[in-house]
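# Architecture at a glance
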Amino acid sequence: MNYIKLSGVLILMILFFSDSMAQQKPLWQNKSFAVYADSIIQGNFVARALSADEIVSNYQSPANEFQSPVINFKFSINGKDNEMKSGTDHHFNCIATNGTCETPVIKFGEQHIDATKIPAGTYLSADTKFTIRLDMNKVLNAFKKDGFFTTFDGNKIYQQDFKAIYIAGSAAPLIWDFDNLVHHPDLEMKDPDGDGIYEATVILNETKKEKDLASSWKLTKNISDAPQYHSEYLISDAIYKMALEEMERAIEPDSTFRTGKEWAGVWTRDISYSIILSMAYLQPKVAQYSLMRKVKNGKIIQDTGTGGAYPVSTDRMIWAVAAWELYKATGDMDWLREAYGIIKNSVDDDILNAYDNITGMARGESSFLDWREQTYPKWMQPADIFESENLGTNAAHYEANIVLSQMASLLNSEGDAKKYKAVAEKIKNGINNHLWMNDKGYYGQYLYGRNFKILSPKSEALGEALCVLFGIADEERGKNIISKTPVTSFGISCIFPQIPNIPPYHNNAVWPFVQSYWALASARAGNEKSVLQSISAIYRPAALFVTNKENFVADNGDYKGTQINSSNMLWSLSGSLSLIHKIIFGIHFDPGGLNFAPFVPFELKGKRTLTNFNYRNAKLNIEMEGYGNKIKSFSLDGKVVPRAFAPATLKGNHSIKIILENNKPGGEINELANHTSLVAPSPVLAGNKLSWPALDEATRYKVLKNGKEISTTHETSISVEDQGYSEYQVIAIDEKGYESFASEPLVVAPANNVSSYETEDFTEPDNLPYKGFSGKGFVEITKQKNTKLNIPVTVTEDGMYALDFRYANGNGPTNTENKCAIRTLKVDKSRAGTFVFPQRGVDEWSNWGFSNPVHILLKKGNHTITLSYEHSNENMNVDINQAMLDYLRVTRIR
């Protein structure tokens, strides 16, 4: 244990209290940490509340200790994973000599495996200067000879699109996030002498003075206007006050919320989830200003994200739930009317652009888990992610439609109330019919695939919690979700199990705001153990880090090691405050008043007060004693009343006293060691034999055809017979029964099943200097150009057909910005669906790929396919809605 950074007085204080705490009974304890009435202990680390206004901590990140000298890495052209197939990396044993180590010259695309033996007990030296050398001549020669280089998977990179070569890898500052390599200039490799040998030098296991973590917190701001909390648990009181102070620090001069210390500006999902948790009633004006900052042209703004955001990402609809929470807290009818119009405009667009008429669910990326490879298979392109149907995102869409229905009723629009309630019910039924897993007792992560979707059986913490809170899961399912969904010793990870070869951020991480929603869901499900574990999992990092961090690594609970992190995070502190208000005191907002449903675990029994709680025109002072989740008596202004309720008509000061029944609700949790699934297999088809390389830790493989299991085998090949269109996928299963992601669909289709129609045959081709198209050219579509494109097609037999376009969109990277092109598909003048053309790389107009497929039942004969720009197809950029179209592909899939 290294105490260098702490003052001598602080060291002695913590050591003294550490000894005294060892004699106390912990409120919560597992193998990783313990929570006491005034302290948190994690191994040698101790955080202690000296008073309700001060916390001291000796926590120091162990991130620099015991790092492996084995460095796994890959090279990347233009910030893409395009050197070797997924799971194939270079391996180098970085055993430093005089503080440095250097790779041999490695040829692009040829795997290097270091055979040097590593002595036992050898770790990566601190501040190691690591030089990587790469021979790019194979690529450069191909540029000179052919004008392009063909990657391992058959894609072409044209010389004119070549911008830079990067190093990606496993040890910081290397990262595996290919999409963000372009934002790390230190990871760009250079060839100063022009000999085709590129180099980069980075510092591994760098030790530097911590600037992002203090050793103590002491209240300095005036928080007397906020609700004041007092209990018999000093650590809880201090963490509550720290969150209130950080809330004040999060308010910008323009009266909007700052997302975090390191994150300026307002983000739709961050502000919305924060408002739902506690900011609607603690800071109603700031909440309203912040929500309106995320409105453009009368519609909710989708945050920038995968492939140019909307509609690849559609979780903006959580804004509606926040807007409703704000109305319930304030009763502001002007706000209700304004929010109603915004939500209605946005939902109506989503119904046309994103809703799947077959499943009833919404398409789009996982809510808040908006970083491609952190939660999706590497093979999935943004168009594939658009096609996925995710648990958390659909929970948000369900509740947004419920909110819209309730708002419509209050505004006397009964037709709309019925309409949007019916839409919500379709989403709810879709979630329960397509995502529920009876064998596991919780929901799956999402449907994914190409023309035949399958369910990812990973749990998704936020989505599971929202399904309980919003009533999508019935009571029995809600109890199962809380007791059976895997949680780690440091809390519930965003997903479980984790994804291999992806660093912690959404993968292999716990986010306190998600843990807060899990705590709220646990209380609703009546699970005492889960409530207490959740509170403890939120208090541990807050106390040890003496701030509300955004996330931490699920493996070890450390704030360092995730790809991005920040102190003073709005949704983390909002969640911490909600523990007291919405769980311990059980305050829930309805249009007509406050309902009280306290939940106090036995270990937190005792007396507590919440004073100066502002609610509309009233100020409430609340006393409570006992434990459990049942109320023995509820008094309002000294009078016992039969219902635990404070009407919205209250004005002035009022007192409430709650006596709990001292019941023990019980409940279990499924705490497991953190686990990482296997990499997805890479099958190939030769003749009628489907085969794939063996994976060392796989015990068996599941083979799918058109989304259905056709075999489970211990072998690495099977014989297949094809009749018609087939998509094959293989899943690896480990000894604990956890599945890998399915491999990218391998398509086998008879030639007569597929037809293509060159767009330039039906309108004037563009003369832009892009490469790699088929036929005689390609067609540009913008908001002004080719806004309607008619393509006559002929099909020779009745059947279900998948229609998609080969396209290019070089308006931005695959992981951010807002220029995804969107178009409406009509078949024989009837609306049939939506095509999305997500961004594929900055200025990479010779980078061609396929849009999402739209399935259409076609009769034998002639049809007219129309691609048109409609008002509902407006993206978040508004001005740029552009793509290049190569050809239309029409594939009979059944």
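Relevant structure appears above.
This structure is a prediction, so every number in the text was calculated from the model and none was measured.

### Focus: the state of the cysteines
- Using the criterion set out here, one finds one disulfide in the structure.
- Paired by a disulfide, Cys94 and Cys101 hold their sulfur atoms 2.0 Å apart. The sign of the -65 degrees torsion about the S-S bond sets the Cys94-Cys101 disulfide as left-handed. For the residue pair Cys94 and Cys101, the accessibility class agrees, reading buried in each case.
- Free of any disulfide, Cys494 has its nearest neighbouring cysteine sulfur in Cys467, separated by 16 Å.

### Structural notes on the packing of aromatic side chains
- In the structure shown here, the tally under the stated rule is 51 aromatic pairs.
- Measuring from centroid to centroid gives 6.4 Å for Phe73 and Phe130, while their planes differ by 70 degrees, and the two rings are edge-to-face. Taken as a pair, Phe73 in strand S6 (residues 70-77) and Phe130 in strand S9 (residues 128-135) lie far apart in primary sequence, 57 residues in all. The two residues Phe73 and Phe130 agree in class, both being buried.
- Judged by centre distance (4.7 Å) and plane angle (70 degrees), the rings of Trp371 and Tyr505 are edge-to-face.

### What about the side chain of Glu460?
- The residue Glu460 is located in strand S24 (residues 459-460) in this model.
- It is Arg269 that comes nearest to the buried, bridge-free Glu460 among opposite-charge side chains, at 11 Å.
- Here the side chain of Glu460 touches Asn390 through a polar contact of 3.1 Å, side chain to side chain.
- The contacts of Glu460, once residues within four sequence positions are left out, are Leu369, Asn390, Leu391, Gly392, Gln445, Cys494 and Ile495.

### A word on the side chain of Ser534
- Relative to the helices and strands, Ser534 resides in helix H14 (residues 528-545).
- Residue Ser534 is classed as buried on the basis of its relative accessible area of 0%.
- Apart from residues lying up to four places away in sequence, Ser534 is in contact with Gln515, Trp518, Ala519 and Ser522.

### Some details on helix H15 (residues 570-584)
- An ideal rise of 1.5 Å per residue puts 21 Å on 15 residues; H15 measures up with 21 Å between its terminal C-alpha atoms.
- In H15, a bend of some 40 degrees at Ser578 exceeds every other bend along the element.
- For H15, a buried count of 15 out of 15 residues is recorded, marking the element as mostly surrounded by other parts of the structure.

### Section: empty space enclosed by the protein
- Tallied over the full model, the rule gives four cavities of 30 Å³ or more.
- Considering only enclosed or pocket space, the largest cavity measures out at about 120 Å³ in volume.
- Lining the largest cavity we find 15 residues, and of these Leu27, Ser236, Ile535, Tyr539 and Leu604 sit closest to its centre.
- The set of elements that each furnish at least two residues to the lining of the largest cavity consists of helix H3 (234-249), H14 and H15.
- Of the residues forming the lining of the largest cavity, the biggest block, four residues, is contributed by H14.
- Residue composition of the lining of the largest cavity, grouped by class: eleven nonpolar, three polar and one charged.
- Space inside the second largest cavity adds up to approximately 90 Å³.
- Around the second largest cavity sit Lys296, Asn297, Lys299, Ile300, Ile301, Tyr310, Arg316, Asp349, Glu874, Asn875, Met876 and Val878, which together line it.

### Examining the pairing of strand S5 (residues 54-57)
- In this sheet, S5 lies alongside strand S4 (residues 45-51) in antiparallel orientation, the contact comprising four bridges. Residue Arg48 lies in a different strand from S5, and its bridge partner there is Val56.
- Counting the residues in the hairpin turn of S4 and S5 gives two residues.
- Across three bridges, S5 lies against strand S15 (residues 216-218) in antiparallel orientation. The residue of S15 that forms the bridge with Glu54 is Lys218.

### Overview of the sheet that holds strand S41 (residues 708-713)
- The sheet built from four strands is open, its strands ordered S41-S40-S43-S44 with antiparallel pairing. Bordering the open sheet on either side are S41 and strand S44 (746-748), each of which pairs with just one other strand. Each strand of the sheet is rotated relative to its neighbour by a mean of 25 degrees, with strand direction disregarded.
- Where strand S40 (residues 698-705) meets S41, five bridges bridge the pair, whose relative direction is antiparallel. The residue bridging Lys705 from the neighbouring strand is Lys708, located in S41.

### Brief notes about the nonpolar core
- With 183 residues, the main nonpolar core has Trp319, Ile343, Tyr443, Phe513, Tyr517 and Phe596 as its most contacted residues.
- When sequence neighbours within four positions are dropped, the list of residues in contact with Phe513 reads Tyr273, Leu277, Phe368, Leu462, Trp571 and Ser572.
- Core analysis: the second largest hydrophobic core is formed by 37 residues, Phe92, Phe130, Phe149 and Leu174 among them.

### Regarding the sheet that holds strand S30 (residues 593-596)
- Here we have three strands laid out as an open sheet, ordered S29-S30-S35, and antiparallel in their pairing. A single partner strand is all that each edge strand has here, and the edge strands are strand S29 (587-590) and strand S35 (645-647). The average angle at which neighbouring strand axes cross in this sheet is 20 degrees, direction not considered.
- Where S30 meets S35, three bridges bridge the pair, whose relative direction is antiparallel. Following the sheet pairing, Leu594 is matched in S35 by Ala646.

How each quantity is defined
Residues numbered from 1 in each chain as written. Predicted model: local features only at pLDDT ≥ 70, side-chain atom pairs only at ≥ 80, totals over all residues. Heavy atoms only, no water. Disulfide = S-S within 2.5 Å. Buried < 20%, exposed > 50% of the residue type's maximum accessible area, 1.4 Å probe, protein only. Phe/Tyr/Trp six-rings, centres within 6.5 Å; stacked < 30°, edge-to-face > 60°. Helix = DSSP H or I, 4+ residues; strand = E, 2+ residues; numbered from the N terminus. Lys, Arg positive; Asp, Glu negative; His and termini not counted. Salt bridge = Lys/Arg side-chain N within 4 Å of Asp/Glu carboxyl O. Polar contact = N/O pair within 3.5 Å; in protein donor to acceptor, adjacent residues only side chain to side chain. Contact = heavy atoms within 4.5 Å. Expected span 1.5 Å × (residues − 1). Bend = angle between axes of the 7 residues up to and from the residue. 1 Å grid on protein atoms, 1.4 Å probe; cavity = no way out; pocket = protein on both sides within 12 Å on 5 of 7 lines; lining within 4 Å. Points joined across faces, edges and corners; volume = space filled by probe spheres on them. Nonpolar A, V, L, I, M, F, W, Y, C, P; charged D, E, K, R; others polar. Pairing = 2+ DSSP bridges. Axes fitted to C-alpha atoms, helices over the stretch in contact; angles between N-to-C directions. Core = buried A, V, L, I, M, F, W, Y, C linked by side-chain atoms within 4.5 Å.

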